[in-house]
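The primary structure of each chain is shown beneath.
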Amino acid sequence: MATTTRASGAPPTAKIGFSGEDATSVAADALVLAVPPGVDGDTAWQGPLADVDAAMDGALREVLRDAAFTGKIGSTHVIATLG
């Protein structure tokens, strides 16, 4: 596996931050959302999770449902939005 290095010779780094801003208004390369157990029901779709789903025209909920993602503790699911 090839490793990318900067002109300085240092390996690339990632800056991770937390924000209290609306999840749909933050400019970022990645967004991490907590998905509570029971995501297959309506009660889990509140707050930031519902806001991001609405901004994606329902695609977040559809992708998680199609993947049978339940929000079980320790589980993850990566979704590429392509922008």
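In what follows, the structure referred to is the one given above.
The model shown is predicted, which means the values in this text are computed figures rather than measured ones.

Each value, and the rule that gives it
Residues numbered from 1 in each chain as written. Predicted model: local features only at pLDDT ≥ 70, side-chain atom pairs only at ≥ 80, totals over all residues. Heavy atoms only, no water. 1 Å grid on protein atoms, 1.4 Å probe; cavity = no way out; pocket = protein on both sides within 12 Å on 5 of 7 lines; lining within 4 Å. Points joined across faces, edges and corners; volume = space filled by probe spheres on them. Helix = DSSP H or I, 4+ residues; strand = E, 2+ residues; numbered from the N terminus. Nonpolar A, V, L, I, M, F, W, Y, C, P; charged D, E, K, R; others polar. Buried < 20%, exposed > 50% of the residue type's maximum accessible area, 1.4 Å probe, protein only. Lys, Arg positive; Asp, Glu negative; His and termini not counted. Salt bridge = Lys/Arg side-chain N within 4 Å of Asp/Glu carboxyl O. Contact = heavy atoms within 4.5 Å. Arc of directions from axis to C-beta.

K.L.:
Even after reading the chapter, I still don't get the layout of surface pockets, so can you show me in this structure?
P.N.:
Leftover empty space is mapped by rolling, across the atoms, a probe with the size of a water molecule. Counted as a void, the largest pocket has a volume near 820 Å³. Lining the largest pocket are 25 residues, with A30, L31, V32, L33 and I79 sitting closest to its centre. Those elements that place two or more of their residues in the lining of the largest pocket are α1 (47-55) and α2 (59-66). By residue class, the composition of the lining of the largest pocket is 16 nonpolar, seven polar and two charged. Estimates place the volume of the second largest pocket at around 570 Å³. Lining the second largest pocket we find 14 residues, and of these G17, A28, A30, L31 and V32 sit closest to its centre.

K.L.:
I would appreciate a short explanation of the side chain of D53 in the present structure.
P.N.:
Structurally, the position occupied by D53 is in helix α1. The side chain of D53 is buried and forms no salt bridge, while R61, the nearest opposite charge, is found at 5.2 Å. When sequence neighbours within four positions are dropped, the list of residues in contact with D53 reads W45, G58, A59, L60 and R61.

K.L.:
In this structure, what is going on with α1? I would like to understand it.
P.N.:
All buried positions along α1 are accounted for by L49, V52 and D53. What you see down the axis of α1 is that its buried residues fit within an arc of 100°, all on one side. Seen from the open side of α1, the exposed residues pointing more than 90 degrees away from its buried face are A54 and A55. Positive phi shows up at D57, right after α1, with a value of about 55°.

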